[in-house]
Amino acid sequence: MSDAIDRSTKISGSEAMLKTLIAEGVDTIFGYPGGQVIPLYDCLYDYQDRLKHVLVRHEQGATHAAQGYARVSGKVGVVLVTSGPGATNTITGIADALMDSTPLVAISGQVPSPLLGTDAFQEVDVIGITLPITKWAYQIRKPEEIAWAVSRAFYIASSGRPGPVVLDFAKDAQVGMVDYAYEKVNYIRSYVPVPDIVAEQVEAAAALINGAEKPFALVGQGVIVSGAEKELFAFLEKADIPAGSTALGLSAMPTGYRLNKGMLGMHGNVGPNMKTNECDVLIAIGMRFDDRVTGNLQAYARQAKIVHFDIDLSEIGKNVPVDAPVWGDAKETLAAVTRLLKPARHTEWIASFASHEKEEYEKVIKKELYPEAGRQLQMGEIIRKITEATGNKAVLVTDVGQNQMMGLRYFNYSQTRSVVTSGGLGTMGYGLPAAIGAKMGAPHRTVCLFTGDGGLQMTIQELGTIMQEKLNVKIIVLNNNFLGMVRQWQELFFDKRYSSTTMDNPDFVGIAKAYGIGARLVEAREELDGAIAEMLAHEGAYMLVAHVETHGMVYPMVPAGAPVTNIIMG
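Remember, it's a predicted structure, so these values are computed and weren't measured experimentally.

Peer 1: Go over the overall build of the protein with me, naming the residues and quoting the values.
Peer 2: When helices and strands are counted, the protein shows 24 helices and 20 strands. At 24 Å, the protein has a C-alpha radius of gyration in line with the 25 Å of a compact globule built from 570 residues. Oriented by its inertia axes, the alpha-carbon framework of the protein measures out at about 70 × 60 × 40 Å. Residue burial in the protein is summarised as follows: out of 570 residues, 59% are buried. Pairs at least 24 apart in sequence give 76% of the contacts found in the protein among residues at least 6 apart.

Peer 1: Outline the nonpolar core, supporting the account with residue identities and numerical values.
Peer 2: Counting residues in each nonpolar core, the largest one holds 50 residues, and the members touching the most others are Phe30, Val397, Val420, Leu463, Ile466, Ile475 and Met543. No other element matches helix α19 (residues 431-441), which puts six residues into this core. Setting aside residues up to four positions removed in sequence, Met543 forms contacts with Leu456, Leu463, Ile475, Val477, Phe508, Ala512, Ile517, Gly518, Ala519 and Arg520. In terms of nonpolar packing, the next biggest core, distinct from the first, is built from 43 residues, Leu369, Leu408, Leu478 and Val522 among them.

Peer 1: An account of the confidence of the model for the protein is requested, with residue identities and associated values reported.
Peer 2: The predicted model of the protein has a mean per-residue pLDDT of 97, with 99% of residues at 70 or higher. Note that pLDDT drops below 50 for residues 1-6; the model gives that stretch 17 contacts with residues more than four away or on any other chain.

Peer 1: Summarise the pattern of salt bridges; cite the residues concerned and give the values.
Peer 2: Summed over the entire model, instances satisfying the criterion amount to 23 salt bridges. A salt bridge links Lys331 to Glu231; the nearest nitrogen and oxygen atoms lie 3.2 Å apart. Taken together, the residues Lys331 in helix α14 (residues 330-340) and Glu231 in helix α11 (residues 229-239) connect sequence positions 100 residues apart. With a relative accessible area of 18%, Glu231 lands in the buried category. Here Glu362 makes a salt bridge to Lys366, at a shortest N to O gap of 2.9 Å. In this pair, Glu362 and Lys366 are both assigned in helix α16 (residues 353-369), four residues apart and thus about one turn of the helix distant. We classify Glu362 as partly exposed; its relative accessible area is 38%. Through salt bridges with shared partners, a single network forms among Arg161, Asp312, Glu315 and Lys318.

Peer 1: Lay out helix α3 (residues 59-73) in plain terms, naming residues and giving numbers.
Peer 2: Spanning 15 residues, α3 covers 21 Å between terminal C-alpha atoms, matching the ideal 21 Å at 1.5 Å per step. Taking burial as the measure, the 15 residues of α3 include 14 buried ones, the bulk of the element. Positive backbone phi, approximately 80 degrees, marks Gly74, located one or two places after α3.

Peer 1: So what about α14? Which residues, and what values?
Peer 2: Looking only at α14, the buried set comprises Ala330, Thr333, Leu334, Ala336, Val337 and Thr338. Between the side-chain oxygen at the start of α14 and the backbone nitrogen of Lys331 there is a gap of 2.9 Å, and the oxygen is on Asp329.

Peer 1: Explain the environment of Thr501 residue by residue, including any values.
Peer 2: Checked against the element boundaries, Thr501 lands in the loop between α22 (484-493) and α23 (508-514). You can call Thr501 buried: its relative accessible area is 2%. Those residues in contact with Thr501 that sit more than four places away from it in its chain are Asn481, Phe482, Leu483, Val486, Arg487 and Gln490.

Peer 1: Requested: an account of the sheet that holds strand β17 (residues 447-452), with residues and values cited.
Peer 2: Taking strand neighbours across the sheet as the criterion, the six strands line up as β16-β15-β17-β18-β20-β19 in an open arrangement whose pairing is parallel. Each of the sheet's edge strands pairs with one partner strand only, and the pair in question is β16 (419-420) and β19 (518-522). Summarising the sheet, β19 and strand β20 (residues 542-547) pair through five bridges and their orientation is parallel. From the neighbouring strand, Leu521 faces β20, where its bridge partner is Val545. Docked against the sheet, α19 engages β15 (395-398), β16, β17 and β18 (473-479), running at close to 175 degrees with respect to β17.

Peer 1: For the packing of aromatic side chains, give the residues involved together with the corresponding values.
Peer 2: Counted by the stated rule, this structure contains 14 aromatic pairs. Their ring planes at 85 degrees and their centres at 5.9 Å tell us that Trp136 and Trp148 sit as a pair that is edge-to-face. Separated by twelve residues along the polypeptide, Trp136 in strand β6 (residues 136-140) and Trp148 in helix α7 (residues 146-158) bring together distant segments of the chain. By relative accessible area, Trp136 is classed as buried at 14%.

Peer 1: Got a sec to walk through the layout of surface pockets? Specific residues and values, please.
Peer 2: Any empty space left between the atoms is revealed when a probe the size of a water molecule rolls over them. In this structure, the largest pocket occupies an estimated 1,000 Å³ of space. Along the wall of the largest pocket there are 47 residues; nearest its centre are Leu248, Arg288, Asp290, Gly423 and Gly424. Sort the elements by how many residues they give to the lining of the largest pocket and helix α10 (residues 221-226) lands first, with four residues. For the lining of the largest pocket, a count of residues per class yields 20 nonpolar, 17 polar and ten charged. Of the voids in this model, the second largest pocket is the one considered here, and its volume is about 500 Å³.

Peer 1: So what's going on with the packing of helix α17 (residues 379-389) against helix α24 (residues 528-537)? Which residues, and what values?
Peer 2: Two elements in contact, α17 and α24, have axes separated by 10 Å at closest approach and are oriented at 45 degrees. In terms of axis orientation, α17 runs oblique to α24. Note on packing geometry: the crossing formed by α17 with α24 is right-handed. Residue-level contacts link Glu381, Ile382, Lys385, Ile386 and Ala389 of α17 to Leu528, Asp529, Ile532, Met535 and Leu536 of α24.

Peer 1: Before we move on, could you go through a nonpolar patch on the surface and cite the residues and values that matter?
Peer 2: Nonpolar side chains collect at one region of the surface, where Leu492, Phe493 and Phe494 lie side by side and expose about 270 Å² of accessible area between them. Secondary-structure assignment places Phe493 in helix α22.

Peer 1: A description of the sheet that holds strand β7 (residues 164-170) should follow, citing residues and the corresponding values.
Peer 2: With parallel pairing, six strands are arranged side by side in an open sheet as β3-β2-β4-β5-β7-β6. The sheet is open, and its two edges are formed by β3 (52-55) and β6, each paired on a single side. Pairwise comparison of adjacent strand axes, ignoring direction, gives a mean angle of 20 degrees for this sheet.

Peer 1: Tell me about the side chain of Lys261, and name the residues and values.
Peer 2: Here Lys261 lies in strand β11 (residues 260-263). Within the structure, Lys261 has its side chain in polar contact with the backbone oxygen of Arg258 (distance 3.4 Å). What Lys261 contacts, discounting residues up to four positions off in sequence, is Pro242, Ala243, Asn269, Pro272, Ile350, Phe353 and Glu357.

Scoring rules and cut-offs
- Residues numbered from 1 in each chain as written.
- Predicted model: local features only at pLDDT ≥ 70, side-chain atom pairs only at ≥ 80, totals over all residues.
- Heavy atoms only, no water.
- Helix = DSSP H or I, 4+ residues; strand = E, 2+ residues; numbered from the N terminus.
- Rg over C-alpha atoms; globule rule 2.2 N^0.38 Å.
- Buried < 20%, exposed > 50% of the residue type's maximum accessible area, 1.4 Å probe, protein only.
- Contact = heavy atoms within 4.5 Å.
- Core = buried A, V, L, I, M, F, W, Y, C linked by side-chain atoms within 4.5 Å.
- pLDDT = per-residue confidence, 0-100.
- Salt bridge = Lys/Arg side-chain N within 4 Å of Asp/Glu carboxyl O.
- Expected span 1.5 Å × (residues − 1).
- Polar contact = N/O pair within 3.5 Å; in protein donor to acceptor, adjacent residues only side chain to side chain.
- Pairing = 2+ DSSP bridges.
- Axes fitted to C-alpha atoms, helices over the stretch in contact; angles between N-to-C directions.
- Phe/Tyr/Trp six-rings, centres within 6.5 Å; stacked < 30°, edge-to-face > 60°.
- 1 Å grid on protein atoms, 1.4 Å probe; cavity = no way out; pocket = protein on both sides within 12 Å on 5 of 7 lines; lining within 4 Å.
- Points joined across faces, edges and corners; volume = space filled by probe spheres on them.
- Nonpolar A, V, L, I, M, F, W, Y, C, P; charged D, E, K, R; others polar.
- Parallel < 35°, antiparallel > 145°, perpendicular 65-115°, else oblique.
- Left-handed = near helix turned anticlockwise from the far one by under 90°.
- Patch = residues over 30% accessible without salt bridge, like charges linked within 9 Å, V, L, I, M, F, W, Y side chains within 5 Å.
- Areas by Shrake-Rupley, 256 points an atom, 1.4 Å probe, with all protein chains shown as cover.

See below:
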């Protein structure tokens, strides 16, 4: 193999770890020290000029911060924690990264090899726990394994469909000496991250699309991961195909792009959901037909021929039967199919979205963005005013719940890698640490976090990380004194029995100021514009706490298990 360096220098296992991280392009680590990883942290002291370590306040925060960093930068996020509770506290973030195809390498300290299996202090079976939620999990017991294991971890995490890898690092391997030799891993026998393009598949997909009268594309995060945005535009333009996006795929297309018809799914736009069951060819690109997108599978796009572009063969046909699979990296497969497409115009089909857009605007959007006088502040109006004040160039980070769905619906996107949210796992508490990572991964971009009063308090200690790192993160708390999304379900489907969803909340402004973060409370509409301007002009982190409508609802809504065309609009 190539890229061999430092072939005969005897160093400690800890230094071998750090040298390999640097060789793999790592510049930032999110972590928390502890007993079984002290040797590695001691070595890190001498590498501070090459490796930035961000001290989080909880190991879960480290994983979500690493996810935010990875999502906006396209690099692998790195987590470093100690054994036992340090390792187990990362489980939620690791599972989240697997669900959302986020490249992550989590390194946990472990008790010395001779003590493994003895129930030593802070020993836990990290490999056994994490195998089901990782692409690969490996225990390093000898310093000679370090360079190989770390490079292999980065290759697996970042190649093909990205995901998390765990390295469990025994303490004796950290302190043992080794003749260090790094070689870049770029091949693993039996691991095929990118399947070969099959010419017959490309031809079959192109034939279906060329014969379509009502084609509709579903754009997923795979387009962003692949860096296939230009190829997507060329594909859509040549065949004149309208497109909808999954939540994680939203920023693959600018909001105002003429063929972008909005978000799919439970709280998506009316047009994309309705047209899914009207199109004659449905083209899925780098998405996995999640249940929140499809609703009732028995009533999903039964009239359409299905074309599915995906790098992960296990996703094709898993939930929805596919007529024309296209294996491979979207950047390559989209270009290959586009070359075989005939230029087309679907003017009437595209125009047919307009009636749904008008209905949604009149019944939902207008009420949310331009509420009548006397109504409490609405989440939508706050979100839209902030995105417009940033020139639609900011990174949207959300927590999970009503704040998430409203953020995805009403924030505008002008460039790719602008959405950081927990999609598949729906992790409350994700937002604040993810915003930290997003800001560190894209330091020159404005990062706006929208969170609820519930999600914020799950990881509120990460305000300390923002304080210590002096990060200019804009935090917007949409406070309705409820676990809003659960309350919405209780209101609609459980006879308004609000079981354990009301919240008595602290003084968020006071808490923010205690961390040295600028803060302001807004309750009246006439204060909103000035408060937003103050927040964006403030040098450093700022928390804008907005008291929003207590019983606000996120519409449109497709009830769980219903067909995507069964849409509630209030």
